[in-house]
Amino acid sequence: MKPEDEAVPPSDHEAQEAGPADAQRRKLLARVSLGLGACCGAAVGVPIVGFVAAPLFSEVPRVWRKVGAVKDFTVGDTVAVTFLDASPLPWAGVTAKTSAWLRRVSETEFVAFSVNCAHLGCPVRWLPKANLFMCPCHGGVYDADGEVAAGPPPHGLFRYAVRVREGDVQIRSEPIPIF
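Here the structure is a predicted model, which is why all the values come from computation and not from measurement.

The rules behind each value
- Residues numbered from 1 in each chain as written.
- Predicted model: local features only at pLDDT ≥ 70, side-chain atom pairs only at ≥ 80, totals over all residues.
- Heavy atoms only, no water.
- Buried < 20%, exposed > 50% of the residue type's maximum accessible area, 1.4 Å probe, protein only.
- Helix = DSSP H or I, 4+ residues; strand = E, 2+ residues; numbered from the N terminus.
- Polar contact = N/O pair within 3.5 Å; in protein donor to acceptor, adjacent residues only side chain to side chain.
- Contact = heavy atoms within 4.5 Å.
- Expected span 1.5 Å × (residues − 1).
- Bend = angle between axes of the 7 residues up to and from the residue.
- Pairing = 2+ DSSP bridges.
- Patch = residues over 30% accessible without salt bridge, like charges linked within 9 Å, V, L, I, M, F, W, Y side chains within 5 Å.
- Areas by Shrake-Rupley, 256 points an atom, 1.4 Å probe, with all protein chains shown as cover.
- Salt bridge = Lys/Arg side-chain N within 4 Å of Asp/Glu carboxyl O.
- Phe/Tyr/Trp six-rings, centres within 6.5 Å; stacked < 30°, edge-to-face > 60°.
- Lys NZ or Arg CZ within 6 Å of the ring centre and 35° of its normal.

Novice: Just to check I follow, could you spell out unusual backbone geometry for this structure?
Specialist: For residues other than glycine, phi is negative in most cases, and the peptide bonds are mostly trans. Within the chain, Asn131 stands out as a residue other than glycine whose phi angle is a positive 60°. Residue Asn131 is classed as partly exposed on the basis of its relative accessible area of 41%. Phi is positive for Glu166, which is not a glycine, with a value near 50°. Judged by relative accessible area, Glu166 falls into the exposed class, the value being 83%.

Take a look at the structure:
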């Protein structure tokens, strides 16, 4: 067998001369390939778009969570309380918990502040001797009422709704608008 007898792919000119049946077959195969590619792209793309867009259309529930009995809190004290997030995911584990700074203002009145700084969401600390909330990350300072006293935060700390029911203090768990 000589090297020139080996199979050589047809040139473009030879392919054009192959006939209308071959040209039709190539067009059909090209369209089928494009259609299958589009179907595969949609099969992968639609779930991704749904995953990204779904939170925009679903409303997070607002749920009242018990944080303790009224008798457990002293008038004038601000303490950290922990409660379950409004929409915990089944696999969230410990991260499903969130917290707030709760102050007993009077015998029947409570106020709760978010632990997240309004600047970038860093955790704020309560300094009882200074009567201030401080963000250690970027120098945000809030007064005892959660209003900005100094630093970069654009607004005060988010306040949770608080109520007393049957001797228990409850906080309404809801999404925190950080920005």
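On we go.
Novice: Just to check I follow, could you spell out the side chain of Arg104 for this structure?
Specialist: Following the sequence through the fold, Arg104 ends up in strand S3 (residues 97-104). On the basis of relative accessible area, Arg104 is assigned to the buried category, the value being 8%. Of the polar contacts made by the side chain of Arg104, one reaches the backbone oxygen of Val70; its length is 3.0 Å. A polar contact of 2.9 Å, which involves the side chain of Arg104, links it to the backbone oxygen of Glu107. Non-local contacts of Arg104, meaning those with residues more than four positions away in its chain, are made with Val70, Phe73, Thr74, Val75, Gly76, Asp77, Glu109 and Phe110.

Novice: I tried to follow helix H2 (residues 20-57) on my own but got confused; where do I start?
Specialist: Since the α-helix packs 3.6 residues into each turn, any two residues three or four apart lie on the same face. Here H2 contains 38 residues, and its C-alpha end-to-end distance of 53 Å stays within 8% of the 56 Å for a straight helix at 1.5 Å per residue. Phe51 marks where H2 bends most, by close to 30°; the proline Pro55 follows one to four residues later. Sparse coverage of H2 is indicated by the burial of zero of its 38 residues.

Novice: Help me out: how do you make sense of the sheet that holds strand S5 (residues 125-127) in this one?
Specialist: Backbone hydrogen bonds are what pair the strands of a sheet, in a parallel or an antiparallel way. Pairing in this open sheet of four strands is antiparallel, and the strands run S5-S6-S7-S8 from one edge to the other. Only two strands of the sheet have a single neighbouring strand rather than two, namely S5 and strand S8 (148-150). Judged from the two bridges that link them, strand S6 (residues 132-134) and strand S7 (residues 141-142) form a sheet pairing that is antiparallel. Across the sheet, the residue bridging to Met134 is Val141, located in S7.

Novice: Before we go on, may I ask you to explain a nonpolar patch on the surface in this structure?
Specialist: A contiguous nonpolar patch, built from Val44, Ile48, Phe51 and Val52 and spanning about 460 Å² of accessible area, is present on the exposed surface. Here Val44 lies in helix H2.

Novice: What exactly am I supposed to notice about the packing of aromatic side chains here?
Specialist: Each aromatic ring pair is described using two quantities: the centre-to-centre distance and the angle formed by the ring planes. In the structure shown here, the tally under the stated rule is six aromatic pairs. Geometrically, the ring pair formed by Phe83 and Tyr160 is edge-to-face, given 5.6 Å between the ring centres and 90° between the ring planes. With a gap of 77 residues between them, Phe83 in strand S2 (residues 78-84) and Tyr160 in strand S9 (residues 159-160) connect regions that are remote in the sequence. Among the aromatic residues, ring-to-ring pairing joins Trp101, Phe113, Trp126 and Phe133 into one connected group. Seen from the ring of Trp126, Arg103 lies directly overhead, with NZ or CZ sitting 5.2 Å from the centre.

Novice: It is not clear to me how the sheet that holds strand S4 (residues 110-114) should be interpreted in this structure. Could you clarify?
Specialist: In space, the four strands of this open sheet follow the order S2-S3-S4-S9, with antiparallel pairing throughout. A single partner strand is all that each edge strand has here, and the edge strands are S2 and S9. Bridge count for S4 against S9 is two bridges, and the pairing is antiparallel. Counterpart to Ala112 in the pairing with S9 is Tyr160.

Novice: Help me understand the environment of Asp145 in this model?
Specialist: As for its placement among the helices and strands, Asp145 is situated in the loop between S7 and S8. The class of Asp145 is partly exposed, set by a relative accessible area of 45%.

Novice: Please clarify how the environment of Thr108 should be interpreted in this entry.
Specialist: Turning to its location among the elements, Thr108 is positioned in the loop between S3 and S4. We classify Thr108 as exposed; its relative accessible area is 67%. On a C-alpha basis, the gap between Thr108 and Val70 in space is 8.5 Å, while along the polypeptide they are 38 residues apart.

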